[in-house]
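Observations on the model geometry
The residues making up each chain are set out below.
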Amino acid sequence: MQASATQQAFVLNQALTTCRATPSIQHPVWASVNERQYKSMPTHGIGRWRYLLPKDPPKKKRDRQQMKEIVVETETTYATLNVNVSGYDMTVVEHFSQHIHNLCNRLGIKVLDCYALQTKTTEVWVMQEQGTKMSVDSFLKTHNRVVQLRSLNATMCPIFLEVLLKNQPEGVQLSVQEHTEVDYKTRFKGRPELEGLKAKISH
Amino acid sequence: MAAPCRRMAGRSLLQFLSSFSRTSVSNSGFRQFSGTSVCRGSRQAQYVEEIASSPWTLMAAVCLQRLPVISAECNPIEQQFRDMMIQMELEKSMLSDHELRLLDDAERIRRIQAGEYDSDEEEDRRDQEIVLAQDLEDSWEQKLKNFQPAARVSDSEGDPGSLQRRLSDSLLLLVERPVGREKLWMLPQTEWQRGETLRETAERALSSLPAASGFKATFLGNTPCGVYKYKLPRAARTESSVGTKVFFFKAVLSDAGASPTTESPESSLLWVTKSELQRYVKPAYLMKVERFLLGF
């Protein structure tokens, strides 16, 4: 107790001496720009914390899209699984995929990736009753959302699937498949000009 | 505040699951449930000696569920909230193409009637004069009126043997089996035979039911979801059979097949909801089965 008291007195004395050392400046508001007095205060920099964080490596300009490693199937866990949610109504499909993602977070299932596949548009042509003419009835857009799961535990699987099936909304199709490289490649657009040039070079 | 609570809930559930799997596997010789036959072949030699010494008869049962066909009814509060949200979204939303077309057509008709219409100004609208947006809307309304949706509540509501009852709930399959001197209601089960996985035993249990020949079920996983231990009464216990252990596997009904018209009265199948289960099933059995059934 005594030691701390003396320490406090010492610190206080020091603070007082630093304050008294510059008697010319009584009101820091009117201090000149060159004399930044507050830097010499003992509490200067008391809130700094960013220098304590580990240094991140500098980000490269454009990272090539690399495929994430497909997790291998083991005795008790499944390989990388794709839970595909598809339907015509975008809000319902998106909300259901968000629900699946939140469910995985809560149940401790690791989610690798969560992406959307290309929207496919179907034109519905209706045959007219009195004749052979077909007319356009409607455009149906099929939306696709994929939640990619990392190693799903075998004991967790039936429970998880049952919760998904019971919460499935109307008009939404659910499918769970293993992730393959072909699935990854279908997400990219083809580049016909590049392929044409490559063919020209090779000939 | 929310984050730590969520973490805790997740952790406790995982612990429960992992401990559950340990207890179910520990007594039966550390069997591993695998879908591929390759793994099975390698472990068979290890199991033979261990299983021969176990005094428990092992059985696998299938928990077959028919999922709800239609969505559940809303509570009064839910209905009120739903109506309010629909109204709010309607008021906040922007006009769609069809509605814009309606407005333009109405405007054009008004201008024609007022005599200010100059047909040369709007060249690109010639083809749309033939079919007005209002006519389209009327034809759509007509089609909607012609559509008759099926009834939510079917006739066979109270008949426990029918598959069409309680369309908004999930139903569980029960069969009656003679156990000892009495007949008890239980989930369909058969005894495990050497050389097959427990999931195959459960599949066999389902396909061996005479009335359920047309049923197509999708099993949700290779691991059991529950276990029920039954010790034989003291008089019937011997060295080699102390009791039975029943492992439950979850499955979902995908196709009921043709409904059997010539059903024999002995083949009694029941489709019950979780709340009706207690009327048919013994309390000790019910306690174990209820744990893995989701819903009401």
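Computed from a prediction, not measured in an experiment: that's the story for all the values here.

**Description of the overall build of chain A**
The helix and strand inventory of chain A stands at five helices and five strands. Looking at chain A as a whole, 21% of its 203 residues qualify as buried. Across chain A, contacts joining residues at least 24 apart in sequence account for 71% of those joining residues at least 6 apart.

**As for the overall build of chain B**
Within chain B, the secondary structure is distributed over seven helices and eight strands. Considering chain B as a whole, with its 296 residues, one finds that 33% of them fall into the buried category. For chain B, restricting intrachain contacts to residue pairs at least 6 apart in sequence, the fraction spanning at least 24 positions comes to 70%. Carbon and sulfur atoms form 55% of the exposed surface of chain B, whose accessible area is close to 19,400 Å².

**Considerations on the UniProt feature "domain: Small ribosomal subunit protein uS10" (unreviewed entry) in chain A**
The positions UniProt marks with the feature "domain: Small ribosomal subunit protein uS10" (unreviewed entry) are residues 82–177 of chain A. End C-alpha atoms of residues 82–177 of chain A are separated by 5 Å, and the span's content is 30% helix alongside 44% strand.

**So, the nonpolar core**
Residues A:Ile100, A:Ile109, A:Leu149, A:Leu152 and A:Phe160 are the most contacted members of the largest nonpolar core, which totals 24 residues. Every residue in contact with A:Leu152, bar those within four places of it in the chain, is listed here: A:Thr76, A:Thr77, A:Tyr78, A:Leu81, A:Ile109, A:Cys157 and A:Phe160.

**Brief notes about the packing of aromatic side chains**
All names here are of chain B. Evaluated as defined, the whole model comprises six aromatic pairs over all chains. Aromatic pair Phe215 and Trp271: ring centres 5.7 Å apart, planes at 55°, arrangement tilted. Taken together, the residues Phe215 in the loop between α6 (198–207) and β5 (216–219) and Trp271 in strand β8 (residues 269–272) connect sequence positions 56 residues apart. Residues Phe215 and Trp271 agree in their burial class; the two are buried. Measuring from ring centre to ring centre gives 5.9 Å for Phe248 and Tyr285, while their planes differ by 75°; the resulting arrangement is edge-to-face. On the criterion of sequence distance, the pair formed by Phe248 in strand β7 (residues 243–255) and Tyr285 in helix α7 (residues 283–290) is long-range, its members being 37 residues apart. Tyr285 sits in the buried class, given a relative accessible area of 7%. Ring-pair connections join several aromatic residues into one group, and the members of that group are Tyr228, Phe248, Tyr285 and Phe292.

**Structural notes on a nonpolar patch on the surface**
Residues and elements named next belong to chain A. On the surface, Trp125, Met127, Met134, Val136 and Phe139 cluster together to form a nonpolar patch covering roughly 520 Å² of accessible area. At the level of secondary structure, the elements contributing two or more residues to the nonpolar patch comprise β3 (120–127) and β4 (134–149). The element that contributes the greatest number of residues to the nonpolar patch is β4, accounting for three residues. With respect to the helices and strands, Val136 occurs in strand β4. For Val136, a relative accessible area of 40% corresponds to the partly exposed category.

**What to know about the packing of helix α4 (residues 97–114) of chain B against helix α5 (residues 133–146) of chain B**
Residues and elements named next belong to chain B. Interaxial distance between α4 and α5 falls to 8 Å at its minimum, and their mutual angle equals 130°. In terms of orientation, α4 and α5 fall into the oblique class. Between α4, through His98, Arg101, Leu102 and Asp105, and α5, the contact on the second element is made entirely by Ala133, Gln134, Leu136, Glu137 and Trp140. Taken together, the residues of the contact of α4 with α5 break down into four nonpolar, two polar and three charged.

**A short note on the confidence of the model for chain A**
With 79% of its residues at a pLDDT of at least 70, chain A reaches an overall mean of 82. Mean pLDDT across the elements of chain A ranges from a minimum in helix α1 (residues 2–21) of chain A, with 54, to a maximum in helix α2 (residues 90–107) of chain A, with 95.

**Focus: the state of the cysteines**
Formally, a disulfide is one covalent bond, and it connects the sulfur atom of one cysteine to the sulfur atom of another. Residue and element names in this part refer to chain B. In this structure the tally under the stated criterion is zero disulfides over all chains. Take Cys63: it sits in no disulfide, and the sulfur closest to it among the cysteines is that of Cys225, at 5.6 Å. Cys225 sits in the buried class, given a relative accessible area of 13%.

**Notes on the packing of α2(A) against helix α3 (residues 156–166) of chain A**
Packed helix pairs are specified by the crossing angle of their axes together with the interaxial distance, meaning the distance between the axes. Residues and elements named next belong to chain A. Here α2 crosses α3 at 150°, and the two axes come no closer than 11 Å. With respect to α3, the axis of α2 lies roughly antiparallel. The two elements α2 and α3 meet at a crossing, and its hand is right-handed. Contact residues: Phe96, Ile100, Leu103, Cys104 and Leu107 in α2; Met156, Phe160, Val163 and Leu164 in α3. Taken together, the residues of the contact of α2 with α3 break down into nine nonpolar, no polar and no charged.

**Some thoughts on the side chain of A:Ser86**
Take A:Ser86: it is sitting in strand β1 (residues 81–87). Dropping the residues within four chain positions of it, A:Ser86 is found in contact with A:Val93, A:His143, A:Asn144, A:Gly171, A:Val172 and A:Gln173.

**Some words on the pattern of salt bridges**
For the structure shown, the criterion picks out 12 salt bridges over all chains. The partner of B:Lys250 in a salt bridge is A:Glu162, with the nearest N and O atoms 2.3 Å apart. One end of the pair, B:Lys250, is in strand β7; the other, A:Glu162, is in helix α3, on a second chain. Under the relative-accessibility criterion, B:Lys250 is labelled buried at 5%. In this structure, the salt-bridge partner of B:Arg110 is B:Glu107, at a minimum N-O distance of 3.1 Å. Of this pair, B:Arg110 and B:Glu107 both sit in helix α4, three residues apart, which is roughly one turn of that helix. Residue B:Glu107 is classed as partly exposed on the basis of its relative accessible area, which comes to 35%.

**A few points about the side chain of A:Glu162**
Under the relative-accessibility criterion, A:Glu162 is labelled buried at 0%. Setting aside residues no more than four positions away along its own chain, A:Glu162 makes contact with B:Gln65, B:Leu220, B:Lys250, B:Phe292 and B:Leu294.

**Quick word on the pairing of β8(B)**
Residues and elements named next belong to chain B. Alternating residues of β8 divide into Leu269 and Trp271 and Leu270 and Val272, and every residue in both groups is buried. Pairing geometry for strand β2 (residues 171–179) and β8, over four bridges, is antiparallel. Within β8, the residue paired with Val175 across the bridge is Leu269.

Rules used throughout
- Residues numbered from 1 in each chain as written.
- Chains lettered and ligands numbered in written order.
- Predicted model: local features only at pLDDT ≥ 70, side-chain atom pairs only at ≥ 80, totals over all residues.
- Heavy atoms only, no water.
- Helix = DSSP H or I, 4+ residues; strand = E, 2+ residues; numbered from the N terminus.
- Buried < 20%, exposed > 50% of the residue type's maximum accessible area, 1.4 Å probe, protein only.
- Contact = heavy atoms within 4.5 Å.
- Areas by Shrake-Rupley, 256 points an atom, 1.4 Å probe, with all protein chains shown as cover.
- UniProt positions renumbered as here; feature names shortened; annotations may be inferred.
- Core = buried A, V, L, I, M, F, W, Y, C linked by side-chain atoms within 4.5 Å.
- Phe/Tyr/Trp six-rings, centres within 6.5 Å; stacked < 30°, edge-to-face > 60°.
- Patch = residues over 30% accessible without salt bridge, like charges linked within 9 Å, V, L, I, M, F, W, Y side chains within 5 Å.
- Salt bridge = Lys/Arg side-chain N within 4 Å of Asp/Glu carboxyl O.
- Axes fitted to C-alpha atoms, helices over the stretch in contact; angles between N-to-C directions.
- Parallel < 35°, antiparallel > 145°, perpendicular 65-115°, else oblique.
- Nonpolar A, V, L, I, M, F, W, Y, C, P; charged D, E, K, R; others polar.
- pLDDT = per-residue confidence, 0-100.
- Disulfide = S-S within 2.5 Å.
- Left-handed = near helix turned anticlockwise from the far one by under 90°.
- Pairing = 2+ DSSP bridges.

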